[in-house]
Structure formats: C-alpha cells, structure tokens
Amino acid sequence: AKHLGQCGWGVVTCPHEGCAETMLRMHLKEHKAKTCEERLLKCRHCDTKVMSRLLAEHQGRCPEAWGKCPNALCTVQCALGSMSYHRQICPQEEAACPCPGCDERLLRKDSTRHVTVRHLQSAVELLESAWA
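Here's what I pulled together on the structure shown here. (Residues numbered from 1 in each chain as written. Predicted model: local features only at pLDDT ≥ 70, side-chain atom pairs only at ≥ 80, totals over all residues. Heavy atoms only, no water.)

### Some details on the overall build of the protein
No. 1: Helix and strand content of the protein: five helices and eight strands.
No. 2: Written out in order from the N terminus, the α and β elements of the protein read α-β-β-α-β-β-α-β-β-α-β-β-α.
No. 3: For the protein, whose C-alpha radius of gyration is 30 Å, the value lies well above the compact-globule estimate of 14 Å for 132 residues.
No. 4: The principal-axis extent of the C-alpha atoms belonging to the protein is close to 110 × 25 × 20 Å.
No. 5: Looking at the 132 residues of the protein, the share that counts as buried comes to 29%.
No. 6: The contacts of the protein with a sequence gap of at least 6 include a subset with a gap of at least 24, amounting to 0%.
No. 7: As displayed, the protein has an accessible area near 9,800 Å², and 55% of this comes from carbon and sulfur atoms. (Helix = DSSP H or I, 4+ residues; strand = E, 2+ residues; numbered from the N terminus. Rg over C-alpha atoms; globule rule 2.2 N^0.38 Å. Buried < 20%, exposed > 50% of the residue type's maximum accessible area, 1.4 Å probe, protein only. Contact = heavy atoms within 4.5 Å. Areas by Shrake-Rupley, 256 points an atom, 1.4 Å probe, with all protein chains shown as cover.)

Written out as structure tokens, the structure reads:
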C-alpha cells in the first residue's frame with residue numbers, strides 16, 4: 001500500500017488550483033516546476049507572482065515595465081505606469097486646440113504658435129479694424 005502512494009508509475013493530478021492535468025507521478029515534479037500553466041512565476045519588472053499562462057500579458061502591461069513613448073518623434077522612455085502622465089505633457093502628443101470653437105488638432109509643441117497666429121492675431125486684427 002505504501003508503494004502505491006509513492007510509485008512513479010501511479011497516475012496523479014496536478015495540485016495547482018485550476019490545473020486538472022493528470023500524469024505519471026514521476027513527471028509531476030517537472031510539470032509543477034516547468035510546464036504547468038497555473039504555476040506562479042515572478043514578473044521580472046515588479047516581482048508580483050502571476051500564473052504562467054498570464055505572465056506574458058502581465059509583463060507587457062506591467063506598470064513597472066519601461067517603454068518608449070508611442071509618439072513617433074518623442075524619445076522619452078518611462079515606466080508604463082507613468083506613461084499616461086507623460087502623454088499629458090508630451091510635446092509630440094496630438095491635442096485639440098484649447099480655444100473654444102476651434103476644432104483643429106495639432107501637436108502640443110505647436111499649440112502656442114497656433115493660438116498666437118490663428119487666434120490672438122485674428123483678435124488683434126478684429127480690434128484694430130473696429131477702432132479704425
């Protein structure tokens with residue numbers, strides 16, 4: 001009876017929650033350590049333990065992983081968790097003109113020039129023509 005509980009040829013089920021895979025007992029150690037998709041592995045960025053089957057997805061969006069700003073001409077790299085803040089101030093991010101009624105979209109770095117040339121200059125010309 002003792003042999004049956006230890007025999008390498010006995011059929012066992014993986015003990016990891018969510019894994020119902022059955023195998024010979026002699027293969028269980030390797031399965032648990034290397035192939036079970038429910039085993040917990042550490043994220044290389046944040047050390048959080050994540051199931052093997054979800055690790056690639058987690059590491060691709062881990063807030064502590066570093067990535068390049070998606071704007072083509074921007075060279076900033078930062079933690080993905082900070083990327084939304086960076087994009088709020090990125091000079092290469094496309095943004096709507098801040099002036100009411102203007103539907104133009106432009107790069108943030110060009111907004112000061114746009115507002116000056118398009119809106120302030122027009123307002124000055126309108127005032128000058130009213131005073132003439």
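### Some thoughts on unusual backbone geometry
No. 1: Its identity as a non-glycine residue notwithstanding, Asp47 has a phi of 65°, on the positive side.
No. 2: Here Asp47 shows up in the loop between strand E3 (40–42) and strand E4 (49–51).

### A short note on the pattern of salt bridges
No. 1: Evaluated as defined, the whole model comprises six salt bridges.
No. 2: In this structure, Arg61 and Glu57 form a salt bridge, with 3.6 Å as the shortest nitrogen-oxygen distance. Here the residue Arg61 and the residue Glu57 both occupy positions in helix H3 (residues 52–61), the gap between them amounting to four residues, near one helical turn.
No. 3: Notably, a salt bridge pairs Glu104 with Arg118, separated by 2.4 Å at the nearest N-O pair. Here Glu104 is found in the loop between strand E7 (94–96) and strand E8 (105–107), whereas its partner Arg118 is found in helix H5 (residues 111–131), with 14 residues between them in sequence.
No. 4: By relative accessible area, which is 33% here, Glu104 ends up partly exposed. (Salt bridge = Lys/Arg side-chain N within 4 Å of Asp/Glu carboxyl O.)

### Thoughts on the side chain of Glu93
No. 1: In this structure, Glu93 sits in the loop between helix H4 (83–89) and E7.
No. 2: At 2.7 Å, the side chain of Glu93 and the side chain of Asn71 are in polar contact.
No. 3: Among the polar contacts made by the side chain of Glu93, one reaches the side chain of Arg87 at a distance of 3.0 Å.
No. 4: The contacts of Glu93, once residues within four sequence positions are left out, are Asn71, Arg87, Leu106, Leu107 and Arg108. (Polar contact = N/O pair within 3.5 Å; in protein donor to acceptor, adjacent residues only side chain to side chain.)

### Here's the deal with the side chain of Arg39
No. 1: Looking at where Arg39 falls in the secondary structure, it is placed in the loop between helix H2 (25–35) and E3.
No. 2: The side chain of Arg39 is buried and forms no salt bridge, while Glu37, the nearest opposite charge, is found at 7.3 Å.
No. 3: Within the structure, Arg39 has its side chain in polar contact with the backbone oxygen of Ala33 (distance 3.3 Å).
No. 4: At 2.5 Å, the side chain of Arg39 and the backbone oxygen of Cys36 are in polar contact. (Lys, Arg positive; Asp, Glu negative; His and termini not counted.)

### Overview of the state of the cysteines
No. 1: All told, the structure shown has zero disulfides when counted by the stated rule.
No. 2: Of all cysteine sulfurs in the structure, the one in Cys74 sits closest to Cys90, which takes part in no disulfide; the separation is 3.7 Å.
No. 3: Judged by its relative accessible area of 0%, Cys90 falls in the buried class.
No. 4: Free cysteine Cys102: the closest other cysteine sulfur is in Cys97, separated by 3.7 Å. (Disulfide = S-S within 2.5 Å.)

### Some thoughts on the environment of Pro15
No. 1: Counting through the fold element by element, Pro15 comes out in the loop between strand E1 (11–13) and strand E2 (22–24).
No. 2: Accessibility expressed as a relative area gives 55% for Pro15, which makes it exposed.
No. 3: Taking the C-alpha atoms as reference points, Pro15 and Lys29, separated by 14 residues in sequence, lie 11 Å from one another.
No. 4: In contact with Pro15, other than residues within four places in its own chain, are Leu28 and Lys32.

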